[in-house]
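A structural walkthrough
Letter by letter, the chains look like this.
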Number of protein chains: 2
Amino acid sequence: MFQESNRPSIIKIISWCFLASLTTAALVFAFTREIKIALAIAGIDIVLKLLLYFVHEKTWSTIPFWRKDIQPGVIWLTGLSGAGKSTIGEGVCKKLKAKGFKAEHLDGDKVRDIFPKTGFSKEERNRHIKRVGFLASMLEKNNVFVVASFISPYKESREFVRRLCNNYKEVHIATPLEICEQRDAKGLYAKARAGKITQFTGIDDPYEEPEMAEITVDTTNQSIEESVGKVMKGLGF
Amino acid sequence: MFQESNRPSIIKIISWCFLASLTTAALVFAFTREIKIALAIAGIDIVLKLLLYFVHEKTWSTIPFWRKDIQPGVIWLTGLSGAGKSTIGEGVCKKLKAKGFKAEHLDGDKVRDIFPKTGFSKEERNRHIKRVGFLASMLEKNNVFVVASFISPYKESREFVRRLCNNYKEVHIATPLEICEQRDAKGLYAKARAGKITQFTGIDDPYEEPEMAEITVDTTNQSIEESVGKVMKGLGF
């Protein structure tokens, strides 16, 4: 049902060296018009090339900068509803993919769509974030960058996720409540103020501000592109 | 904070072709003792090799069998407590890793250790399995084989996971209740019979037998190794 192996194929390497030596033979023949010399050179050439190939691979693999097994990370965007987490997260994820990394964007709203009955009490929120953190850490462990956009209002669960991951970077999308409420893209603040939604972060539920966020972004006077750029820069890209 | 790129490096390819052409030049000189011919051949050789390298890569990448981006799968082990899911799952996961695949074993007990307050009602079990299925599908999407060992007694959630994954293989560890209860490695059946544990699958909670499992394994008269071998064979390895 599955294919046999994903190791670099030895047959492919031999096929490449064979092709390379054939080119050499043709070139030598074109210059010298001596078929014997061309074949003799090609014969030695292919053996040398195979040896050389492995020495070359080995040498490069010892240079850390060129190693393919890069340590990815979990980029955790926290902030109020409407602060810009999803949009910035999507942007950061795209940039990472454009750089050739594997990356996955976990978005609060989308994850809740899959599990519709997750509640908004402190306990349920914390458990939800911890589960998402576990998922993030698993992906990270398997060489995938994770960009996570979740309100994640409680320190406890954010610190739990930090401990779970190898390379956790907290990004506080620190757009102030007034601005988020002015924008109110989903009309949720209006509903919360009218009491039609309860347990709404920033209105009748607390948001515990990050104290040690690696990156802080305020989108009040900043375009999405600028915000994405600031995060990427903060991550060292 | 992170390293720049994990793309195959163009500089590495050039360095390899340069080295290869240098070998060629040395060989030609050794045979002809003509430095001009050796250098001329090497000069043309390096350009040809670079072109050839990309043609060669392109050609191989079109042969599906040799492509590196292999489609992994989710191998879902379902069965009663004590049937042998965790042990077999661990074995299958090890075999997959030995074949050079990325693989992750998600084990019911271990996952519950991380999220201790997940209940055992039908609704909570289903939600738990669906969340684990989501995690499995994310890993699968990112080229990681997932071996999942969960009682997962309800068809509904197993079918949910099947739909979520690209390549879902259900493995029914069909060790009969009597055998599981005889073994009772964790002493849970005794507790369940004594009424100290409730909602225990097979005792006072149903197990909905898989009807379309891709692989069925009964460990009654079979060693762990034989069972692992049967699963691997069933997966096409």
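Fair warning: this is a prediction, and the values are worked out from it, not measured in the lab.

**Observations concerning the side chain of A:Lys85**
All names here are of chain A.
- Along the polypeptide, Lys-85 turns up in helix 3 (residues 85-98).
- Notably, Lys-85 is buried but unbridged: the nearest opposite-charge side chain belongs to Asp-109, and the N-O separation is 7.5 Å.
- Within the structure, Lys-85 has its side chain in polar contact with the backbone oxygen of Leu-80 (distance 2.8 Å).
- Every residue in contact with Lys-85, bar those within four places of it in the chain, is listed here: Leu-77, Thr-78, Gly-79, Leu-80, Ser-149, Phe-150, Ile-151 and Ile-173.

**Remarks on the side chain of B:Asp184**
Residue and element names in this part refer to chain B.
- Here Asp-184 is to be found in the loop between helix 7 (177-183) and helix 8 (188-193).
- Look at Asp-184: it is buried, it has no salt bridge, and the nearest opposite charge is Arg-193 at 8.4 Å.
- For Asp-184, the side chain forms a polar contact with the main-chain nitrogen of Leu-188, separated by 3.0 Å.
- Once residues lying within four places of it in the same chain are set aside, the contact partners of Asp-184 are Tyr-189 and Ala-190.

**Here we look at the pairing of strand 4 (residues 168-173) of chain B**
Residue and element names in this part refer to chain B.
- Most of strand 4 sits inside the fold, with six of its six residues counted as buried.
- In terms of strand pairing, strand 4 meets strand 5 (residues 215-217) through three bridges, oriented parallel. Bridged to His-172 within strand 5 is Thr-216.

**Points about the sheet that holds strand 3 (residues 145-149) of chain B**
All names here are of chain B.
- The sheet built from five strands is open, its strands ordered 2-3-1-4-5 with parallel pairing. Since the sheet does not close on itself, it has two edges, and those belong to strand 2 (103-107) and strand 5, each with one partner. Within the sheet, the average angular offset between the axes of one strand and its neighbour, ignoring direction, is 15°.
- Summarising the sheet, strand 1 (residues 74-78) and strand 3 pair through four bridges and their orientation is parallel. When the bridges of strand 3 are listed, Trp-76 appears paired with Ala-148.
- Along the sheet, helix 3 (residues 85-98) makes contact with strand 1, strand 2, strand 3, strand 4 and strand 5, crossing strand 2 at roughly 170°.

**A word on the confidence of the model for chain A**
Residue and element names in this part refer to chain A.
- When the pLDDT values of chain A are averaged, the result is 89; 92% of them are 70 or greater.
- Note on residues 1-7: pLDDT under 50 across the span, and 31 contacts to partners over four residues away in sequence or across chains.
- Overall fold confidence for the complex sits at a pTM of 0.74, while the interface term, ipTM, reaches 0.70.

**A closer look at the pairing of strand 2 (residues 103-107) of chain A**
All names here are of chain A.
- By the criterion of burial, strand 2 is predominantly enclosed, with five of the five residues buried.
- The alternating pattern of strand 2 places Ala-103, His-105 and Asp-107 on one face and Glu-104 and Leu-106 on the opposite face, and all of these are buried.
- As defined by bridge partners, strand 2 adjoins strand 3 (residues 145-149) across five bridges and the pair is classed as parallel. Each bridged residue has a counterpart across the sheet, and for Glu-104 the counterpart in strand 3 is Val-146.

**Points about the pattern of salt bridges**
- All told, the structure shown has 26 salt bridges over all chains when counted by the stated rule.
- For the salt bridge of A:Glu90 with A:Lys110, the shortest nitrogen-to-oxygen distance reads 3.9 Å. Of the two residues, A:Glu90 is situated in helix 3 and A:Lys110 in helix 4 (residues 108-114); the sequence distance between them amounts to 20 residues.
- Assessed through its relative accessible area of 30%, A:Glu90 is described here as partly exposed.
- Take A:Lys110: its relative accessible area is 52%, and that puts it in the exposed class.
- Across the pair B:Lys122 and B:Glu208 runs a salt bridge whose closest N-O atoms are separated by 4.0 Å. Of this pair, B:Lys122 sits in helix 5 (residues 122-141) while B:Glu208 sits in the loop between helix 8 and strand 5, and the two are 86 residues apart along the sequence.
- Overall, B:Lys122 belongs to the partly exposed group, its relative accessible area being 42%.
- Through salt bridges with shared partners, one network takes in A:Glu159, A:Arg162 and A:Glu214.

**Some thoughts on the packing of aromatic side chains**
- The final tally for this structure, using the stated rule, is 16 aromatic pairs over all chains.
- An aromatic cluster of three or more residues is present, and its members are A:Trp16, B:Tyr53 and B:Phe54.
- For the cation-ring pair, A:Lys130 lies above A:Phe160, with the distance from its terminal atom to the ring centre recorded as 5.0 Å.
- The lysine or arginine in question, B:Arg112, covers the ring of B:Phe120, its NZ or CZ lying 3.9 Å from the ring centre.

**A word on helix 5 of chain B**
Residue and element names in this part refer to chain B.
- Across its 20 residues, helix 5 extends 28 Å between first and last C-alpha, which sits within 8% of the 28 Å expected from 1.5 Å per residue.
- Buried residues dominate helix 5, accounting for 15 of its 20 residues.
- Downstream of helix 5 by a residue or two, Asn-143 has a phi angle that is positive, lying close to 75°.

**Considering the sheet that holds strand 5 (residues 215-217) of chain A**
Residues and elements named next belong to chain A.
- Pairing within the open sheet is parallel, and its five strands lie in the order 2-3-1-4-5. Both edges of this open sheet fall to strand 2 and strand 5, since each of them pairs with a single strand only. Direction aside, the axes of adjacent strands within the sheet are offset by 15° on average.
- One ladder, built from five bridges, connects strand 1 (residues 74-78) with strand 4 (residues 168-173); its direction is parallel. Looking at strand 4, one finds that Thr-78 is bridged to His-172.
- On top of the sheet, helix 3 reaches strand 1, strand 2, strand 3, strand 4 and strand 5; it is set at about 170° to strand 2, its chief contact.

**Observations regarding the environment of B:Glu225**
Residues and elements named next belong to chain B.
- Inspection of the secondary structure puts Glu-225 in helix 9 (residues 224-234).
- In this structure Glu-225 comes out as exposed when scored by relative accessible area, which is 71%.
- Along the backbone, Glu-225 and Lys-186 are 39 residues apart, and their C-alpha atoms lie at a distance of 21 Å.

So, how was this worked out
Residues numbered from 1 in each chain as written. Chains lettered and ligands numbered in written order. Predicted model: local features only at pLDDT ≥ 70, side-chain atom pairs only at ≥ 80, totals over all residues. Heavy atoms only, no water. Helix = DSSP H or I, 4+ residues; strand = E, 2+ residues; numbered from the N terminus. Buried < 20%, exposed > 50% of the residue type's maximum accessible area, 1.4 Å probe, protein only. Lys, Arg positive; Asp, Glu negative; His and termini not counted. Salt bridge = Lys/Arg side-chain N within 4 Å of Asp/Glu carboxyl O. Polar contact = N/O pair within 3.5 Å; in protein donor to acceptor, adjacent residues only side chain to side chain. Contact = heavy atoms within 4.5 Å. Pairing = 2+ DSSP bridges. Axes fitted to C-alpha atoms, helices over the stretch in contact; angles between N-to-C directions. pLDDT = per-residue confidence, 0-100. Phe/Tyr/Trp six-rings, centres within 6.5 Å; stacked < 30°, edge-to-face > 60°. Lys NZ or Arg CZ within 6 Å of the ring centre and 35° of its normal. Expected span 1.5 Å × (residues − 1).

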